[in-house]
Amino acid sequence: MLSEFVSTQLAAPGANNRHSLHRRLYEAMRRALLEGHVAPGDRLPSSRDLAHDLALSRNTVVAALTQLTVEGYLVSRVGSGTYVSEHLPRPSRARRTVSSAAQAPRLSPRGERLSRDYCASELEVQPFTPGIADFSAFPLKLWQRLQNKHWRWSYAEMLDYSTSGGYGPLRRAVADYLRVFRAVQLDAEQVIITTGTQQSLELCAQLLADHGDTVWIEDPAYWGAVKAFMATGLKLHAVPVDAEGIAPAAADDKAKPRLIYVTPSHQYPTGGVMSLTRRQLLLDRARAHGAWILEDDYDSEFRYGGPPVSSLEGLDKDERVLYMGTFSKVMYPGIKIGYLVVPKALVEPFKQAHYDLNRPGQLPVQAALAEFIEQGHFAATIRKMRQTYGERRAALLAALKPCLSREVVISGAEQGLHLCVHLPARGDDRAIARKAAAQGITLRPLSAYCLQRRDVRGLVIGYGYAPLKAIEEYGPVCADLISANI
Ligand SMILES: Cc1ncc(COP(=O)(O)O)c(C=O)c1O
């Protein structure tokens, strides 16, 4: 029976003929053992008989048997022959029959929650998917040229891991931009280049908090932040958001925060701007609790109307705000470059831990990006896309006008790539989103971003990705769906 199985295996189409014969014989016999074609404790035919049955040389058979003995599949007893080991793993067929009694390995409870709750991917149908920029308009040729140049120039250190917090000229370019346009108080040495906001959040959670510590998070919230904190074992304390931003007065002070995560310039997803009073209140509360504030300024490059909004970090007098931004929106998401600005005292520990935990690299791409910024292309791309997105935003606002009322109002349209339509409590935002999906449109239900709140209904609508023609076609469909379903 063993010989029959092995010779069929050796003759099977696709048997790897590049390998030596004794290697192929070893693999066929190993398979026979693992699949239970011979039982533990069985005595094998002699090498001479096997060689005869398989029409192979005895040397080939002995080489395969020796290898299987060395690896513990077979046991050789002097003067008695070769036996199948008693300790072979259970054959796969038999394993299936015992699986109901045995404990199958599974995801951890945390893994279950990470792979299931607060997902962005549900109903991922375009147009109107929030958070997505139109990178089809990105100056690709120019970018390719810069990248090629830096790859050509790359010397050995550029291909190594980066120990310095990122490519120096890029850190300087980011610092100059943030100082001028976002009123962030910083030196270039405080900028740490990361693979985007997600990694910036993870680093902060890993280095500023311990497992079981509490993070205050906006409710509704950015799902990416929720996941980063869940993954690092933090306790989420949901603090409601109103028209002025996060409302610290509604937080439970017994849930003492170690971290507070906020999106002050364009709350994600409602789009509200945090008022100055709230900013001061939040800084005061953070001071009282000895907490760090994580400011996620994810889409401030695109502001269309209303007064300019500066960073919360700019108001911080005692270095408790860590500021983060991303190149996902102006460049393209797959560039995977973002930045984290840390207080001076944290620069060295963050650089060291970032190196140990993440092994950062990609210096040639960072060099190309630094030059893209230095040569003015970054500012030009922002100007051009602000114009494009501004037109799309205006078209969407016009299309939604017919469904607006005292109860149906828009927030967050002054900045970014999405806006939020608030519905009265009776409006079933998930049902509207499902109906929209059936027509090929993504409207994200606001309630899906909520952690604790049950009183929030609305639709988060992105216009960054949708061309004008699509907005003109589908915008009125959205308005009709909203009017018909509240
Ligand atoms: C609130 C918020 N922060 C950050 C990001 C982007 O993060 P990343 O740099 O990880 O792409 C997004 C993307 O949609 C976002 O909505």
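The rules we used
- Residues numbered from 1 in each chain as written.
- Predicted model: local features only at pLDDT ≥ 70, side-chain atom pairs only at ≥ 80, totals over all residues.
- Heavy atoms only, no water.
- Phe/Tyr/Trp six-rings, centres within 6.5 Å; stacked < 30°, edge-to-face > 60°.
- Helix = DSSP H or I, 4+ residues; strand = E, 2+ residues; numbered from the N terminus.
- Buried < 20%, exposed > 50% of the residue type's maximum accessible area, 1.4 Å probe, protein only.
- Lys NZ or Arg CZ within 6 Å of the ring centre and 35° of its normal.
- 1 Å grid on protein atoms, 1.4 Å probe; cavity = no way out; pocket = protein on both sides within 12 Å on 5 of 7 lines; lining within 4 Å.
- Points joined across faces, edges and corners; volume = space filled by probe spheres on them.
- Nonpolar A, V, L, I, M, F, W, Y, C, P; charged D, E, K, R; others polar.
- Near = heavy atom within 4 Å.
- Polar contact = N/O pair within 3.5 Å; in protein donor to acceptor, adjacent residues only side chain to side chain.
- Areas by Shrake-Rupley, 256 points an atom, 1.4 Å probe, with all protein chains shown as cover.
- Sits in = over half its atoms within 2 Å of the grid points.
- Core = buried A, V, L, I, M, F, W, Y, C linked by side-chain atoms within 4.5 Å.
- Contact = heavy atoms within 4.5 Å.
- Salt bridge = Lys/Arg side-chain N within 4 Å of Asp/Glu carboxyl O.
- Axes fitted to C-alpha atoms, helices over the stretch in contact; angles between N-to-C directions.
- Parallel < 35°, antiparallel > 145°, perpendicular 65-115°, else oblique.
- Left-handed = near helix turned anticlockwise from the far one by under 90°.

Participant: Would you explain the packing of aromatic side chains in this entry?
Facilitator: Centre distance and the angle of the planes are the two values used to describe a pair of aromatic rings. Tallied over the entire structure, the rule returns 18 aromatic pairs. Arranged with centres 5.7 Å apart and planes meeting at 85 degrees, the rings of Trp143 and Phe372 form a pair that is edge-to-face. Residue Trp143 is located in helix H7 (residues 140-153), and its partner Phe372 is located in helix H13 (residues 363-374); the two are separated by 229 residues in the primary sequence. Considering the side-chain rings of Phe327 and Phe378, the 5.5 Å spacing of their centres and the 65 degrees angle between planes classify their relative orientation as edge-to-face. Of this pair, Phe327 sits in the loop between strand E9 (321-326) and strand E10 (338-341) while Phe378 sits in helix H14 (residues 377-400); the two residues are 51 residues apart in sequence, bridging distant segments of the chain. Take Phe327: its relative accessible area is 3%, and that puts it in the buried class. The class of Phe378 is buried, set by a relative accessible area of 5%. The structure contains a cluster of three or more aromatic residues connected by ring pairs, namely Tyr177, Phe181, Phe327, Tyr339 and Phe378. The ring centre of Tyr83 lies 4.1 Å from the NZ or CZ of Arg77, which sits over that ring.

Participant: I would appreciate a short explanation of the layout of surface pockets in the present structure.
Facilitator: It is the rolling of a water-molecule-sized probe over the atoms that shows where space remains empty. Its boundaries defined by the atoms lining it, the largest pocket holds a volume of some 600 Å³. Considering the residues around the largest pocket, the lining is formed by 24 residues, among which Gly131, Tyr222, Trp223, Ser328 and Lys329 are closest to the centre. Tallied by class, the residues present in the lining of the largest pocket amount to 10 nonpolar, 9 polar and 5 charged.

Participant: Would you explain the site of the ligand in this entry?
Facilitator: Taken together, the residues surrounding the ligand are Gly131, Gly196, Thr197, Gln198, Tyr222, Tyr261, Tyr268, Asp296, Tyr298, Thr326, Ser328 and Lys329. Thr197 is positioned such that a nitrogen or oxygen atom in its backbone is 2.8 Å from an oxygen atom of the ligand. Asp296 places a side-chain nitrogen or oxygen 2.6 Å from a nitrogen atom of the ligand. About the coverage of the ligand: the protein hides 88% of its 400 Å² of free accessible area. Judged by its atoms lying within 2 Å of the grid points, the ligand is housed in the largest pocket. In terms of residue class, the shell around the ligand is built from 4 nonpolar, 6 polar and 2 charged.

Participant: Any chance you could explain the nonpolar core here in plain terms?
Facilitator: Here is a general trend for soluble globular proteins: nonpolar side chains tend to be buried in one another's company. Counting residues in hydrophobic clusters, the biggest one holds 64 residues, and the most contacted among them are Phe327 and Leu369. The element best represented in this core is H13, accounting for 8 residues. For Phe327, the residues in contact, after removing those within four places along its chain, are Val174, Tyr332, Ile335, Ile337, Gly338, Tyr339, Leu369, Ile373 and Phe378. Residues Leu203, Phe229, Val347 and Cys450 belong to the second largest nonpolar core, which totals 38 residues.

Participant: Help me understand the pattern of salt bridges, please; the structure alone is not making it clear to me.
Facilitator: Where charged atoms from two side chains of opposite charge come close, those side chains can pair. Counted according to the given criterion, the structure contains 15 salt bridges. Of the charged contacts, one joins Arg278 and Asp242 as a salt bridge, the two residues approaching to 2.8 Å between their closest N and O atoms. With Arg278 in helix H11 (residues 276-289) and Asp242 in strand E5 (residues 235-242), this residue pair connects regions lying 36 residues apart in the sequence. Arg278 gets classed as buried once you look at its relative accessible area, which sits at 13%. Through salt bridges that share partners, Asp284, Arg287, Asp318 and Arg320 make up one connected network.

Participant: Looking at this structure, I do not really get the packing of helix H1 (residues 2-11) against helix H3 (residues 47-54). What am I missing?
Facilitator: Geometrically, a packed helix pair is captured by the angle between its two axes and the distance between the axes. Interaxial distance between H1 and H3 falls to 10 Å at its minimum, and their mutual angle equals 50 degrees. By the angle between their directions, the pair H1 and H3 is classed as oblique. The two elements H1 and H3 cross, and the hand of that crossing is right-handed. Side by side, H1 and H3 meet where Leu2, Ser3, Val6 and Ser7 of the first sit next to Leu50, Asp53 and Leu54 of the second. Taken together, the residues of the contact of H1 with H3 sort by class into 4 nonpolar, 2 polar and 1 charged.

Participant: Could you clarify how one ought to interpret the environment of Met230 in this entry?
Facilitator: Relative to the elements of secondary structure, Met230 occurs in helix H10 (residues 223-231). The spatial distance from the C-alpha of Met230 to the C-alpha of Ala51 is 59 Å, given a sequence separation of 179 residues.

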